[in-house]
Amino acid sequence: MIKTISYLGLGTMGSGMASNLLKAGYRLTVWNRSAEKCEPFAKKGARVAGTPADAARDVDLVMYMLSNDQAVEEVVFGPKGILSGIKEGQIAMDMSTVLPATSLRQQEAYAKRRVDFIDAPVFGSKQESAEAKLWIMAAGNKAIFEKVKPVLEHLGQTVHYFGKNGNATSMKLVGNLIVALELEALSEGLVLAEKAGLDLNTVMEVVKVADFRSPLLAGNGQNILKRDFSTSFALKLMLKDAGLIEKFAKSLKSPIPALRIVEKNLASAVDLGFGSENASALIKAIEKEAGVEVKGR
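Residues numbered from 1 in each chain as written. Predicted model: local features only at pLDDT ≥ 70, side-chain atom pairs only at ≥ 80, totals over all residues. Heavy atoms only, no water.

1. Section: the overall build of the protein chain
1) Next: Within the protein chain, the regular secondary structure consists of 13 helices and nine strands.
2) Next: Relative to the 2.2 N^0.38 estimate, which gives 19 Å for 297 residues, the radius of gyration of the protein chain is 20 Å and therefore close to what a compact globule would have.
3) Next: Seen through its principal axes, the protein chain has C-alpha atoms that stretch 65 × 45 × 35 Å.
4) Next: Counting all 297 residues of the protein chain, 51% fall into the buried class.
5) Next: Counted over contacts in the protein chain with a minimum sequence separation of 6, partners at least 24 positions apart contribute 67%.
6) Next: A total accessible area of about 14000 Å² is found for the protein chain, and carbon and sulfur atoms account for 53% of it.
7) Next: Charged side chains of the protein chain number 38 positive and 33 negative; the gap between the two group centres comes to 4 Å. (Helix = DSSP H or I, 4+ residues; strand = E, 2+ residues; numbered from the N terminus. Rg over C-alpha atoms; globule rule 2.2 N^0.38 Å. Buried < 20%, exposed > 50% of the residue type's maximum accessible area, 1.4 Å probe, protein only. Contact = heavy atoms within 4.5 Å. Areas by Shrake-Rupley, 256 points an atom, 1.4 Å probe, with all protein chains shown as cover. Lys, Arg positive; Asp, Glu negative; His and termini not counted. Charge placed at Lys NZ, Arg CZ, Asp CG, Glu CD.)

2. Some remarks on the sheet that holds strand 4 (residues 61–64)
1) Next: Taken together, the six strands give an open sheet; going across it, the order is 3-2-1-4-5-6, and neighbouring strands pair in parallel fashion. With one partner strand each, in any of the chains shown, strand 3 (47–48) and strand 6 (116–119) form the two edges of the open sheet.
2) Next: Of the strands in this sheet, strand 1 (4–8), strand 2 (27–31) and strand 4 are in contact with helix 1 (residues 12–23), which crosses strand 1 at around 165°.
3) Next: Running at roughly 60° to strand 5 (residues 91–94), helix 7 (residues 142–152) makes contact with strand 1, strand 4, strand 5 and strand 6 of the sheet. (Pairing = 2+ DSSP bridges. Axes fitted to C-alpha atoms, helices over the stretch in contact; angles between N-to-C directions.)

Okay, structure coming up:
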């Protein structure tokens, strides 16, 4: 049974998960590149590690969610990285959105130290993380998955097993492709409705009930009408993920023509200075081209 956990990466998502691990009663060690983000956890009884290697020592499970493949490279493989502190019999779990190849490289490196590895990215954003309502995917050895599943159930409303390492990371990129296309469709649709002179509140009433409805369209649409772009998932991170999806699809010779349009609009919105806003700020690039602002009346 897992009793001691380290969590590395206390950003928008990681901080919510680390908080829920504490609430669940696990003995927790935390590490973050910006050490001040560890302070609230220290006040609640967590141990603060000085380096990733230190965080990996003497715990049953090492979990981390980092911003990109480069951050994983540094935190896992770096001079004071997880691999220099973790030992045989421990479990490592990467919850980051990265290329499947990055997950497989980690699995190979951990296996050389007789450490089990699970890739376990999530769907959901800030609110779902804080409320332990994420949708979690996991891949790796089935027996090890069963061992970590009770931990994951304290973080999410569903947990899905995808088989061999790399498959959960692949599913994350498939899901993020769908999310990106949905946000593009919402943005184009709302701008077109604005240009047509439709009442946007009534437009959203239809979006919420018609057969193309989805929680993502409803939530982001309402926030766009309120001009609320507070960050649940940053636009610049969606642009990063679009780049990962493009590399992944290219490696499999799988066509992604629509994503190339979304990627262009994401890059335009970042260039306009909206990269730290919510991913729904994608609409601002289309608004600029259309010469309108989408706003509820």
